[in-house]
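Chains, contacts and geometry: an overview
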Amino acid sequence: MTREEFANILLPDVLHDRAYYEAKYPKRNLEAGAMVTRLAPSPTGFVHIGSLYQAIAAQKLAHQSGGVCFLRIEDTDQKREVENGIEGIINSLKQYEVSFDEGPLDNGMDVGNYGPYIQSKRKDIYQAFVKDLIIKDLAYPSFLTEEEKEAITEKQKKIKSRIGYFGPWAMDERNMSMEMAVQKVKAGLPYVIRLKSKGNFLKRVVIKDAIKGDISIPENDMDIVLLKQDGIPTYHFAHAVDDTLMHTTHVTRGDEWISSLPIHVELFEALGFKVPTYAHLATIQKEEDGKKRKISKRKDPEANVMYYLEKGIPVKAVELYLMTLLNSNFEEWYLANPKGNIQDFTLLFDKMSVGGALFDMEKLLNISKNYLSLLTAEEVYQNTLDWAKKYDSDFANLLEKEREVAILTLNIERESEKPRKDFAMYSEVKENIWYMFKENFTENLKYDWQKITDKTEIKHILDIYLAKYYDPKDDNEEWFNKVKLLCDELGYASNMKEYKQNPEKFKGNVADVSTVIRVALTTSSRTPNLKDIMAILGMQEIQRRVGLL
Ligand code: GLU
């Protein structure tokens, strides 16, 4: 029996050979230096913040170099799959404006010439390459049952050997004659196809990682599974075949894969492929009780990229924050170019973190506050409305009805040298501006009175103020002067210095009086510019509010 006949018996349904697929996916026609990168998530329906981090890196690296970034769905592990998992992933990434050039982007249909981009549709391709390895005596069928595997592990534990299927442990099956193997196949025994490893664990393989530098690890000597019993490849094998046929130049992936590098290098070599450049990205970690750990899908709600969308943290702020985690010099660049386009920043491997990237929610929220403070009032209004339509329909209705008041309010102390930074997320806008809307401002409100709490005095201050001093036409300075005049009339200190020298001479001071006006009109003792608030409310509404006291 020839090895070809043997391979045909082991994998009888393969339509094409390796040469066919190599011809089908020719080298990409790109300029020198153009990177081809990818994101290769499993269809769990869930995009981890770490995947978004990887996606942003992959996309940026490709596009800044005139290259291509594609999405490949890795669904070879059916245990991890969920219904609508692929749409879930594509939808989340779309909301974050990650733009792929190729992938199952058109409702699951492929865009691009290097597909299929969903691994479960590539079975024939993998099998064609496995068949080639069998023909070259670099792979063999393994009929080991679960019990036999467990027995080997037990023996290995007993003699304190490394665990796995390698060297002496694999000899029987490696040396099995083709005739014997065919007999087993004909008898209906299930089998996987394994790599006939040529590695030596005592030697080291050195891999140059674009981020981490030289990585030296013992060679692989495990006869790892290439094709599972159902003819579906393992991650390792699919990675080698796909990233070669799709012409990935830079494999940007999580650094949890570093320990598998020796397997991957051996596979690329066995297949006669060029090893791509690896760039292992630091894992996103969080600090808890002084200890660092991976952000976990199970424990941390912020692991899911949907979390930020639900809170109304702008997509752009998340992107800016992830960029600061990706490149240590990004923040400096952004501070110098606060309205700059991220496209103009060049992401560099040597500015990427080698260890873990520590996720700092407070910093993200600060970036978000800053980002929101630089938008126009109209933009904040529109984005808040879009958010509210999905997550708070009552507020959305109110915003639509009170568009003008909302925009005027959001415009207070905006578009100035030092714009206000009141909120970090669209979900916080409501608590910041609710009191501006007439229909929210009714009876039974909770007022945050400070120094002056006596109702009669409060009413007295407001009555005199509105009757004699308040004029909507005043500018800031005049407005404040009038409050001071009011103080003088009522026995409050209009000058803080004088007040501090002789507090007993006064009922209180100008700050106490303006707080009374502020709280009476908004319930809050901390608001943006009160004069602007009053101008938006208008005299009639101001009077109505005073009447509620
Ligand atoms: N499917 C792998 C995962 O979800 C991707 C690893 C890679 O990017 O190659 O972890």
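Relevant structure appears above.
Residues numbered from 1 in each chain as written. Predicted model: local features only at pLDDT ≥ 70, side-chain atom pairs only at ≥ 80, totals over all residues. Heavy atoms only, no water.

With respect to the helices, strands and loops of the structure, Ser524 is situated in the loop between α22 (510–522) and α23 (530–547). Remark: the alpha-carbon pair of Ser524 and Asp448, spanning 76 residues in sequence, is separated by 5.5 Å. Reaching out from Ser524, the side chain makes a polar contact with the backbone oxygen of Arg526 at a distance of 2.9 Å. (Helix = DSSP H or I, 4+ residues; strand = E, 2+ residues; numbered from the N terminus. Polar contact = N/O pair within 3.5 Å; in protein donor to acceptor, adjacent residues only side chain to side chain.)

Attention shifts here to helix α15 (residues 377–391). With 15 residues, α15 extends 20 Å from end C-alpha to end C-alpha; this agrees with the ideal 21 Å at 1.5 Å per step. Tucked inside the fold, the buried residues of α15 contact α11 (305–311), α14 (361–373), α16 (393–401), α17 (403–410) and α18 (429–433). (Expected span 1.5 Å × (residues − 1). Contact = heavy atoms within 4.5 Å.)

A separate point is the side chain of Lys531. Position of Lys531 relative to the elements: it lies in helix α23. What makes Lys531 buried here is its relative accessible area of 15%. Excluding its chain neighbours within four sequence positions, the residues that come into contact with Lys531 are Asp474, Asp475, Asn476 and Trp479. (Buried < 20%, exposed > 50% of the residue type's maximum accessible area, 1.4 Å probe, protein only.)

The end-to-end C-alpha distance of helix α12 (residues 315–326) is 16 Å, a good match for the 16 Å that 12 residues give at a rise of 1.5 Å each. Most of α12 sits out of view: 11 of its 12 residues are buried.

Sheet architecture is open: three strands sit in the order β5-β6-β9, paired in antiparallel fashion. The open sheet has two edge strands with one neighbour each: β5 (139–142) and β9 (225–227). Ignoring strand direction, the axes of neighbouring strands in this sheet form an average angle of 45°. Pairing of β5 with strand β6 (residues 192–195), which is carried by four bridges, proceeds in the antiparallel orientation. Residue pairing in the sheet places Tyr140 in a bridge with Arg194 of β6. (Pairing = 2+ DSSP bridges. Axes fitted to C-alpha atoms, helices over the stretch in contact; angles between N-to-C directions.)

Attention now goes to the packing of helix α19 (residues 455–469) against helix α20 (residues 476–490). One can describe the packing of α19 onto α20 by two numbers: an axis separation of 10 Å at closest approach and a directional angle of 125°. It follows that α19 is oblique to α20 by the angle criterion. By crossing handedness, the relation of α19 to α20 is classed as right-handed. Counted together, His460, Ile461, Ile464, Tyr465, Lys468 and Tyr469 of α19 and Trp479, Lys482, Val483, Leu485, Leu486, Glu489 and Leu490 of α20 form the full contact between these two elements. Of the residues that constitute the contact of α19 with α20, the class distribution is nine nonpolar, one polar and three charged. (Parallel < 35°, antiparallel > 145°, perpendicular 65-115°, else oblique. Left-handed = near helix turned anticlockwise from the far one by under 90°. Nonpolar A, V, L, I, M, F, W, Y, C, P; charged D, E, K, R; others polar.)

With that settled, consider the pairing of strand β7 (residues 204–209). Each regular strand shows side chains that alternate between the opposite faces of the sheet. Every second residue of β7 is oriented toward a common face, the buried set being Val205, Ile207 and Asp209 and the non-buried set Arg204, Val206 and Lys208. As paired strands, β7 and strand β8 (residues 213–218) are joined by six bridges and run antiparallel to one another. Looking at the pairing, Val206 lines up with Ser216 of β8. Between the end of β7 and the start of β8, which pair antiparallel, lie three residues.

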